[in-house]
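# Observations on chain architecture
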Amino acid sequence: MGFNTTAVHGGFVDESAKAVNYPIYLSSTFTQPDTEHEGEYCYSRGNNPTRASVERAVADVEGAKYAIATASGMAATSLILELLNQGEKLLINNNVYGGTWRFVSNLLEKRGVSYEVVDDFNTYDFAKADDNVSMVFIETPSNPLLDVTDIRRVVEEAHKRGILVVVDNTFMTAYLQKPLDLGADIVVYSATKYYVGHSDILAGLVVLNDEERYQRLKFINNTLGGILSPFDSFLLQRGIKTLGVRLDRHQDNAQKVAEFLEKSDAATDTYYPGLTSHPGYELHKSQAKGAGAVISFRFNEDRYDLQKFVAALRIFAFAVSLGGVESLICRPSTMTHESFSRELQEKIGITPNLIRLSVGIEDAEDLISDLQQAFDAARK
Ligand SMILES: Cc1ncc(COP(=O)(O)O)c(C=O)c1O
């Protein structure tokens, strides 16, 4: 079955009332059969039918065996980082979501886990990695610079050393890129973004095929409690039904906006893997079905005033996050990526004039006109 059919019909079927949408089971606890047996559902931290339904749908659209729905994307990332034991080491690419970096740079070492920031996994020599490296965590395309990492290469090299490969696939979703099919071990998502799609709730996902690891992660998540509520599970499942059609529109618009920016003198550099000028264009095409809808660009502060530009925008909202139907704009250095030190920001290119767009599903002409009129208003 195709992606959209699976997405629309995914999850459980409501056998009792025959509702086309699987219901919200707002119950913390479930009656048990007898003193000797536990029912399928016992307590909603461990398992809840509405959550189990969306987990089934998520695994199916990914073509995977298991999914775990968590309270946010960070709950998903912190859950998989729980797999790291004292004395082990994590390799992580240099530009990742700021919250992921905040976790790694503030909390890992306290647990006796070390980390190494890798500038370019496409050339990284895994043979020289320390013996205690047990996990690689990558985002591709990365947030916010849209760097593309060769998932197949990382998997091949990491697996030679028995290193687990985790991919944060938030920017792509299973509709555009399937890291497990490319050999990765675990995929994590901020489902807050494209999966939910309407900027209303936070949610996270962990998707994988290995049963033992799945059981371990279920155990940890039940123990820690970072689960997705039944209500939010329902909204997530609703969002998944339109994921494919939304993304088609998102990326059609993004391509047009990126081409507009590339020609504009208000942007000195435009980063979007759908542009042939992007250094990762071919690589990205070889591992994903589309370029997504996040674009970053360097605002030309010699000729334009950034504050005036932002103030003049009428459609793009100046807000963090991405992946919702409405277009957003943000400045990573002071917003999503403020947890990176100034020096690190400078080193990897998260400069104060780097601007990130999440292109929504409005009419592309309106989005381009909005940017153009704001540039005009900001011209020095
Ligand atoms: C790539 C990426 N991963 C993870 C997260 C964290 O997700 P959440 O905000 O749902 O906790 C984000 C949030 O912006 C993100 O962009």
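Every value quoted in this text rests on a predicted model; they were computed, and no experiment measured them.

### Focus: the overall build of the protein
The secondary structure content of the protein amounts to 13 helices and 12 strands. Computed over C-alpha atoms, the radius of gyration of the protein comes to 21 Å, within 12% of the 21 Å expected from 2.2 N^0.38 for 380 residues, which places it in the range of a compact globule. Based on the C-alpha atoms only, the size of the protein along its principal axes is roughly 75 × 55 × 35 Å. Looking at the protein residue by residue over its 380 residues, the buried ones come to 57%.

### Here's the deal with the sheet that holds strand β5 (residues 164–168)
Strand order in the open sheet made by the 7 strands is β1-β7-β6-β5-β4-β2-β3, with mixed pairing throughout. Of all the strands in the sheet, just β1 (66–70) and β3 (114–118) have a single pairing partner and so form its edges. Taking the axes of each pair of neighbouring strands and ignoring which way they run, one obtains an average angle of 20° across the sheet. Here helix α7 (residues 211–224) sits on the sheet in contact with β1, β5, β6 (186–190) and β7 (204–208), set at roughly 15° to β1.

### With respect to the environment of Gln32
On the secondary structure map, Gln32 appears in the loop between α1 (3–9) and α2 (49–62). Engagement of the side chain of Gln32 in a polar contact is seen with the backbone oxygen of Phe30, the distance being 2.7 Å. In this structure the side chain of Gln32 is engaged in a polar contact, spanning 3.0 Å, whose partner is the backbone oxygen of Tyr41.

### Points about the domain arrangement of the protein
Assigned domains within the protein: domain 1 (3–241) and domain 2 (243–378). Measuring from the centre of the C-alpha atoms in domain 1 to the corresponding centre in domain 2 gives 26 Å. With 40 residues of domain 1 at the interface, the matching set in domain 2 holds 46 residues. Of the roughly 3,400 Å² buried between domain 1 and domain 2 on both sides combined, carbon and sulfur atoms contribute 60%. Between domain 1 and domain 2 we count 2 salt bridges in total.

### Examining the pairing of strand β12 (residues 354–358)
Where burial is concerned, most of β12 is hidden: 5 out of the 5 residues are buried. Alternating positions in β12 separate into two faces, Leu354, Arg356 and Ser358 on one and Ile355 and Leu357 on the other, with burial throughout. Here strand β9 (residues 294–299) pairs with β12 via 5 bridges, running antiparallel. Note that in β12 the partner of Ile295 across the bridge is Leu357. Sheet topology note: the strand β11 (residues 328–330)/β12 ladder contains 3 bridges and is antiparallel. When the bridges of β12 are listed, Ile329 appears paired with Leu357.

### Remarks on the packing of helix α9 (residues 243–263) against helix α13 (residues 364–378)
Where α9 meets α13, the axes come as close as 9 Å, and the angle between the chain directions of the two elements is 30°. Of the possible angle classes, the one that applies to α9 and α13 is roughly parallel. The crossing of α9 and α13 is right-handed. Contacts between α9 and α13 involve Asn253, Lys256, Val257, Phe260 and Leu261 on the former and, on the latter, Ala364, Leu367, Ile368, Leu371, Gln372 and Phe375. Along the lines of polarity and charge, the residues of the contact of α9 with α13 split into 8 nonpolar, 2 polar and 1 charged.

### Side note on helix α4 (residues 98–108)
An α-helical turn contains 3.6 residues, so a residue and the one three or four places further along point in the same direction. Residues Gly98, Gly99, Thr100, Trp101, Phe103, Val104 and Leu108 constitute the buried set of α4. In this structure, the buried side of α4 is in contact with α3 (73–81), β2 (89–93), β3, β4 (133–139) and α12 (342–348).

### Looking at the packing of aromatic side chains
Enumeration according to the criterion identifies 18 aromatic pairs in this entry. Note on Phe121 and Phe126: the rings are 6.1 Å apart at their centroids and 20° apart in plane angle, and the pair reads as stacked. Since its relative accessible area comes to 2%, Phe121 is described here as buried. The buried category is assigned to Phe126, whose relative accessible area is 1%. Both rings, one in Phe309 and one in Phe375, keep their centres 4.7 Å apart while their planes meet at 10°; by these two values the pair is stacked. In this pair, Phe309 sits in helix α11 (residues 306–312) while Phe375 sits in helix α13, placing the two residues 66 residues apart along the sequence. Phe309 sits in the buried class, given a relative accessible area of 0%. The exposure class assigned to Phe375 is buried, which follows from its relative accessible area of 0%. Here the aromatic residues Phe260, Phe297, Phe299, Tyr304, Phe309 and Phe375 are joined through ring pairs into a cluster of three or more. In this structure, Lys289 packs its charged tip against the face of Tyr175, placed 4.6 Å from the ring centre.

What counts and what doesn't
Residues numbered from 1 in each chain as written. Predicted model: local features only at pLDDT ≥ 70, side-chain atom pairs only at ≥ 80, totals over all residues. Heavy atoms only, no water. Helix = DSSP H or I, 4+ residues; strand = E, 2+ residues; numbered from the N terminus. Rg over C-alpha atoms; globule rule 2.2 N^0.38 Å. Buried < 20%, exposed > 50% of the residue type's maximum accessible area, 1.4 Å probe, protein only. Pairing = 2+ DSSP bridges. Axes fitted to C-alpha atoms, helices over the stretch in contact; angles between N-to-C directions. Contact = heavy atoms within 4.5 Å. Polar contact = N/O pair within 3.5 Å; in protein donor to acceptor, adjacent residues only side chain to side chain. Domains from an automatic or database assignment. Buried area = accessible area lost by both parts, 1.4 Å probe. Salt bridge = Lys/Arg side-chain N within 4 Å of Asp/Glu carboxyl O. Parallel < 35°, antiparallel > 145°, perpendicular 65-115°, else oblique. Left-handed = near helix turned anticlockwise from the far one by under 90°. Nonpolar A, V, L, I, M, F, W, Y, C, P; charged D, E, K, R; others polar. Phe/Tyr/Trp six-rings, centres within 6.5 Å; stacked < 30°, edge-to-face > 60°. Lys NZ or Arg CZ within 6 Å of the ring centre and 35° of its normal.

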